[in-house]
Amino acid sequence: MAEGTAADVIGRESEVGAVGAALEAVGSGRSLVLHGVPGIGKSTLWEAGLQEARARGLRVLQARASSAEAQLSAAALIDLCDGIERTVIAALAPRQRSALEVALLREEPGALPPDPQIVALGFLNALRAIAAAGPLVVAIDDAQWLDAFSAEALSFVARRLERESIGFLLSRRGEEAASLERAFPRGSLESLEIGPLSFGATRRLLAERFSLNMSRAVLRRIADVTLGNPLFIVELARELVRRGIPEGAEDIPMPSGIEEMLGTRVAALSPAVRRLLVTVALSGELHTGELAAIESGEAIDEAIDAGALILTGDRVRASHPLLAEAARSSAAPAEQRRLHRAVAETVSDETLRAKHRALAATQPNEALAASVAQAASAAAARGARQPAVELAEHALRLTPSTSPERPERLLVMAEYLGEIGELQRMTDLLTPELAALPPGAPRARAWLILSEGAGARTMADMARYRDHALAECDDDADMRATVLAKKAANAAAGRVADLAQAHEWAVQAIEAAQAATPDAQRLALYAMAWTRALRGLSVDAQCEAYRAASDAPTYGAGSPERVAAQRMVWRGEIERARVALAAMLALADERGERQSYALLRLHMCELHLRAGEWEAADALLEEWADTSDRDIMFRPQYERCCALLSAGRGDPVEAHEHGSHALARSNETGVRWDGLEAQRALALAATLAHDPAAAVEMLRDAWAHTQAEGVEDPGTFPVAPDLVEVLLELGEGKEAAAVAARLRELADAHSHPWGLAAAGRSEALIALSATDFDAAAAGRLRACATTQRELGLRFEAARTLLALGRAARRFKQWGLARAALEEAAMAFDEIGSSGWAEQTRSQLTRVGARRPRPEGELTDSEERAALLAAEGRTNKEIARELVVTVHTVEVHLSRAYAKLGITSRGQLAARLAAAAATD
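This is a predicted model, so every value here is computed, not measured.

### Some thoughts on the overall build of the chain
Here is step 1: Scanning the chain from N- to C-terminus turns up 46 helices and 8 strands.
Here is step 2: Within the chain, the fraction of its 919 residues that count as buried is 55%.
Here is step 3: Look at the contacts in the chain between residues 6 or more apart in sequence, and 67% of them connect residues 24 or more apart.
Here is step 4: On the chain, roughly 38,000 Å² of surface is accessible, and the fraction owed to carbon and sulfur atoms is 51%.
Here is step 5: Charged side chains in the chain number 103 positive and 128 negative. The centres of these two groups are separated by 2 Å.

Structure follows, in structure tokens:
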């Protein structure tokens with residue numbers, strides 16, 4: 001450690017070493033959080049760590065969070081960005097630069113508030129620009145008090161640290177992790193608990209800092225009563241310096257705890273110093289000029305000399321948060337209000353001024369309420385959501401009950417609460433006020449807000465609230481288009497119910513949106529895309545109209561293009577869908593659209609699950625589990641994806657566990673989409689468990705629901721081919737034929753690639769369920785497996801080969817059965833479906849014994865690969881024909897060459913012909 005840094009922290013040698021190791025690893029994106037009980041010395045060690053980082057030549061950006069500033073917006077972000085050169089921020093992309101400058105109060109907001117995620121992206125790119133020149137330390141003291149806006153921006157950065165030369169040095173009180181800590185990639189944030197000082201360290205602290213030398217007995221009593229808490233030791237030392245060290249058995253005058261001791265210390269301060277401390281406690285850090293307008297410069301100097309306040313640059317803060325809290329609690333309400341008024345007259349920031357004026361007022365005042373409401377609107381325009389809520393609450397409190405502005409202020413506050421996720425508070429605020437709101441648009445707006453609140457626990461609740469909103473819309477085109485669009489989208493993408501009515505609502509929303517805002521028009525087009533896609537229709541026109549409706553960037557979560565990409569997955573157009581989703585996912589990440597990113601990650605996971613790409617799906621689910629994104633996606637989407645992954649890998653127990661949870665949650669909320677997917681997973685689990693009766697129950701219900709509600713894209717919920725297979729196993733041939741006929745009808749009507757392959761598979765299985773073996777049907781079934789493999793649906797291709805092998809075995813077509821089952825087992829192995837591979841091999845044991853092959857004779861697989869190669873097929877063409885990987889073809893041919901005694905493909909035809917003539 002460098003001289004004058006953390007090495008000077010008494011009794012913290014191991015902690016100092018940990019800080020040094022963390023600083024050493026900053027270049028590889030490692031971070032450290034120091035935590036412990038109040039007063040234990042976290043901030044002291046954190047401060048010493050900053051000095052050490054600078055001594056090592058590392059760039060440091062720092063911020064101290066405080067309870068007084070926790071309700072402000074971007075307070076910590078402003079402090080951090082104060083250390084960034086203006087040229088760095090000026091070099092950002094225009095949208096990022098503008099959003100960040102507005103959040104930092106350096107620019108006036110525009111018509112729309114800056115997206116917090118765009119702000120976060122700008123901040124991240126600014127950090128990246130700095131880190132490009134050398135490792136960077138972002139240091140946050142008392143992270144538990146980070147304001148919500150800063151915490152969100154810092155969490156955005158933390159989630160993307162794996163390849164950055166950026167490390168965090170955090171401190172936090174208590175045992176519970178701060179929200180920022182949960183954002184770090186797994187294993188990148190080390191945690192160090194700061195424990196009590198040892199007896200020896202206590203002795204050194206008292207001697208070196210306060211020149212207090214005492215008997216071992218007195219020192220032991222001090223160590224015991226303070227429990228090694230440095231703040232308690234320091235405060236006691238101050239008292240001992242003032243009173244003297246007790247002699248003999250004389251008691252040490254000891255308060256019962258830190259809080260009582262600090263309260264005693266506050267009471268002993270001069271009135272002017274105490275007022276300064278209370279003022280800082282009420283307002284967070286203040287500039288010296290602002291504080292000097294409240295108390296004299298002499299009083300400020302006295303407070304600093306007394307150790308009550310600390311001066312950093314031109315900012316003044318309390319020497320310790322607990323001392324500030326003790327000062328605040330010691331001040332009577334009247335004194336706090338007087339100091340709030342004094343601060344309001346001093347600070348230049350309009351939001352802070354409005355906040356302090358509101359806190360100083362106790363009675364309704366329309367003029368004051370109007371100014372506070374305006375400040376709330378300005379805060380919201382900057383994207384400062386938490387301060388907007390606090391100011392809106394004050395504005396509503398200060399608004400006279402008879403004021404005509406009260407309904408609008410009530411609704412605005414409810415909307416702000418919804419934006420920060422305080423759904424219960426939002427519901428509790430609006431529900432008792434509904435009847436008193438003016439009829440028409442205000443009441444419609446209230447119902448629409450409540451439809452997304454805590455009282456709307458099911459899809460039926462949401463629909464009922466929106467029906468009330470629709471009844472109140474009158475001639476408000478914007479409100480009418482919005483309500484209708486939300487009703488349509490939720491019916492289609494949530495309840496998967498009554499698609500004809502949902503489509504009619506979408507049509508009405510489009511019509512109403514002609515006289516509405518671009519946002520309402522885009523929402524209507526998004527709803528229309530859902531109703532069309534589920535009915536098997538193209539959404540290209542909706543995507544084009546969405547882009548033309550506004551010059552504003554598209555929003556991934558609410559764009560028809562997201563629906564179009566999903567439709568590609570449903571149709572089995574896997575590679576097209578992969579390209580589209582990857583582009584949208586990257587754009588959402590770049591723009592910082594948290595909800596869009598979460599939804600697009602879900603769709604990419606769904607693509608991997610359809611394609612049998614289990615490792616890729618598992619990686620996305622692991623990322624999903626490590627973030628707080630499940631908080632913004634209340635539906636059981638994560639659980640049903642886990643269920644499908646377990647089913648695909650062949651673990652029926654785990655699939656049943658996840659699937660049952662998802663289905664139960666779906667039934668509770670009425671979100672049928674996730675329930676239908678959960679039923680599909682449960683059916684696969686039942687199939688693995690050799691329980692066709694349970695499988696058919698799930699599949700039959702899912703198929704019946706989609707057909708009754710108007711879902712005409714057969715791949716949205718791809719249950720039909722599985723239903724046909726289990727129905728045939730149960731001897732329900734007539735019902736199986738009806739399902740297959742409807743599947744064929746839908747596939748032909750929409751030229752549906754997945755549907756056509758699935759219909760062919762179902763028809764071939766029906767033909768193979770007859771009394772006599774149908775060789776043509778077996779050939780069609782193999783062709784279906786080839787098509788599925790070409791579409792990129794490797795899991796389905798393997799299952800089709802398994803079905804072929806089982807059918808062939810029933811007819812004692814041993815060669816065909818053995819070949820199909822061997823290929824199926826190999827295909828399952830290749831994608832990691834170990835449970836399915838195991839079951840396939842159990843089928844192989846039931847196939848009649850092979851004729852012993854003479855040594856050197858080609859296996860069936862080797863022979864098929866060799867014959868196709870002799871015809872001039874490429875390895876890629878052979879792999880597609882045999883429904884195996886190119887690597888498997890290479891292995892077959894290599895073994896065939898060795899057995900035939902040849903070294904090239906050119907010799908193959910002649911040697912095979914010679915072998916055939918010999919036979």
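### Details of the sheet that holds strand β4 (residues 166-173)
Here is step 1: Read from one edge of the open sheet, 5 strands run β2-β3-β4-β1-β5, paired in parallel fashion. One side of each edge strand has no neighbouring strand; the edge strands of this open sheet are β2 (59-64) and β5 (189-193). This sheet shows a mean twist of 15° between the axes of neighbouring strands, independent of strand direction.
Here is step 2: Two elements, strand β1 (residues 31-36) and β5, share 5 bridges in a ladder whose sense is parallel. Following the sheet pairing, L32 is matched in β5 by E190.

### A short note on helix α39 (residues 775-791)
Here is step 1: Across its 17 residues, α39 extends 25 Å between first and last C-alpha, which sits within 8% of the 24 Å expected from 1.5 Å per residue.
Here is step 2: When we look at burial in α39, the residues that qualify are A777, A778, L781, C784, A785, T786, Q788, R789 and L791.
Here is step 3: Of the residues flanking the start of α39, the one acting as N-cap is D774, its side-chain oxygen 3.1 Å from the backbone nitrogen of A776.
Here is step 4: Just downstream of α39 lies G792, where phi reads positive at about 95°.

### With respect to the environment of H750
Here is step 1: Topologically, H750 is positioned in the loop between α37 (733-749) and α38 (753-767).
Here is step 2: Of the residues examined, H750 reaches a relative accessible area of 14% and is grouped as buried.
Here is step 3: Excluding anything up to four places from it in sequence, H750 contacts R535, G536, L537, R571 and E712.
Here is step 4: One polar contact links the side chain of H750 to the main-chain carbonyl oxygen of G536, over a distance of 3.2 Å.

### Section: the sheet that holds strand β7 (residues 309-312)
Here is step 1: Taken in spatial order, the 3 strands of this open sheet run β6-β8-β7, and their pairing is antiparallel. Two strands in the sheet have a free side with no partner beyond their single neighbour: β6 (286-287) and β7.
Here is step 2: Here helix α12 (residues 271-283) sits on the sheet and contacts β6, β7 and β8 (315-318); the angle it forms with β8, its principal contact strand, is near 95°.

### A word on the packing of helix α5 (residues 94-103) against helix α6 (residues 116-131)
Think of two packed helices as two axes; the pair is described by the angle between the axes and how far apart they sit.
Here is step 1: Across the interface, α5 lies against α6 with an axial gap of 8 Å and an inter-helix angle of 105°. One way to sum up the angle between α5 and α6 is to call them roughly perpendicular. Contact residues: α5 offers R95, Q96, A99, L100 and A103, while α6 offers I118, V119, L121, G122, F123 and N125.
Here is step 2: Considered class by class, the residues forming the contact of α5 with α6 number 7 nonpolar, 3 polar and 1 charged.

### Remarks on the environment of Q501
Here is step 1: Mapped onto the fold, Q501 is located in helix α25 (residues 499-513).
Here is step 2: Residue class for Q501 comes out partly exposed when judged on its relative accessible area of 28%.
Here is step 3: On a C-alpha basis, the gap between Q501 and E709 in space is 9.9 Å, while along the polypeptide they are 208 residues apart.

### Re the packing of aromatic side chains
Two aromatic rings are characterised by how far apart their centres lie and by the angle between their planes.
Here is step 1: This model, assessed by the stated rule, comprises 12 aromatic pairs.
Here is step 2: Ring geometry for F795 and W836: centres 5.7 Å apart, planes at 75°, overall edge-to-face. Taken together, the residues F795 in helix α40 (residues 794-810) and W836 in helix α42 (residues 834-844) connect sequence positions 41 residues apart. Just as F795 is buried, W836 falls in that class too.
Here is step 3: Grouping aromatic residues by their ring pairs yields a cluster made of Y526, W530, W570, W673 and F717.
Here is step 4: Looking at R160, its charged tip hangs above the ring of F156, at a distance of 3.8 Å from the centre.

### So, a negative patch on the surface
Here is step 1: There is a patch of like negative charges on the surface, built from E298, D301, E302 and D305.
Here is step 2: Looking at the secondary structure, you find E298 in helix α14 (residues 297-305).
Here is step 3: The exposure class assigned to E298 is exposed, which follows from its relative accessible area of 59%.

### Quick look at the packing of helix α32 (residues 637-649) against α42
Here is step 1: Look at α32 against α42: their axes get within 5 Å of each other, and the N-to-C directions meet at 30°. Each of A647, G648 and R649 in α32 lies in contact with α42, whose residues at this interface are S834, G835 and W836.
Here is step 2: Counted by class, the contact of α32 with α42 contains 2 nonpolar, 3 polar and 1 charged residues.

### Observations concerning helix α16 (residues 333-346)
Here is step 1: Between its first and last C-alpha, α16 extends 20 Å over 14 residues, near the 20 Å set by a 1.5 Å rise per residue.
Here is step 2: Inspection of α16 places E335, Q336, L339, H340, V343 and A344 among the buried residues, and these make up the whole buried set.
Here is step 3: Here the buried face of α16 lies against α12, α15 (321-330) and α17 (350-360).

### Observations concerning the pattern of salt bridges
Here is step 1: Tallied over the full model, the rule gives 54 salt bridges.
Here is step 2: The shortest N-O distance in the salt bridge between R56 and E24 comes to 2.8 Å. Here E24 lies in helix α1 (residues 13-24) and R56 lies in the loop between α2 (42-55) and β2, a separation of 32 residues in the sequence.
Here is step 3: In this structure R56 comes out as partly exposed when scored by relative accessible area, which is 34%.
Here is step 4: Classification of E24 as exposed rests on a relative accessible area of 60%.
Here is step 5: Close ionic contact of R56 with E52 constitutes a salt bridge, the shortest N to O distance being 2.8 Å.
Here is step 6: Linked through salt bridges whose partners overlap, the residues forming this network are E606, R635, R640, D674, E677 and R680.

Reading guide: rules and limits
- Residues numbered from 1 in each chain as written.
- Predicted model: local features only at pLDDT ≥ 70, side-chain atom pairs only at ≥ 80, totals over all residues.
- Heavy atoms only, no water.
- Helix = DSSP H or I, 4+ residues; strand = E, 2+ residues; numbered from the N terminus.
- Buried < 20%, exposed > 50% of the residue type's maximum accessible area, 1.4 Å probe, protein only.
- Contact = heavy atoms within 4.5 Å.
- Areas by Shrake-Rupley, 256 points an atom, 1.4 Å probe, with all protein chains shown as cover.
- Lys, Arg positive; Asp, Glu negative; His and termini not counted.
- Charge placed at Lys NZ, Arg CZ, Asp CG, Glu CD.
- Pairing = 2+ DSSP bridges.
- Axes fitted to C-alpha atoms, helices over the stretch in contact; angles between N-to-C directions.
- Expected span 1.5 Å × (residues − 1).
- Polar contact = N/O pair within 3.5 Å; in protein donor to acceptor, adjacent residues only side chain to side chain.
- Parallel < 35°, antiparallel > 145°, perpendicular 65-115°, else oblique.
- Nonpolar A, V, L, I, M, F, W, Y, C, P; charged D, E, K, R; others polar.
- Phe/Tyr/Trp six-rings, centres within 6.5 Å; stacked < 30°, edge-to-face > 60°.
- Lys NZ or Arg CZ within 6 Å of the ring centre and 35° of its normal.
- Patch = residues over 30% accessible without salt bridge, like charges linked within 9 Å, V, L, I, M, F, W, Y side chains within 5 Å.
- Salt bridge = Lys/Arg side-chain N within 4 Å of Asp/Glu carboxyl O.

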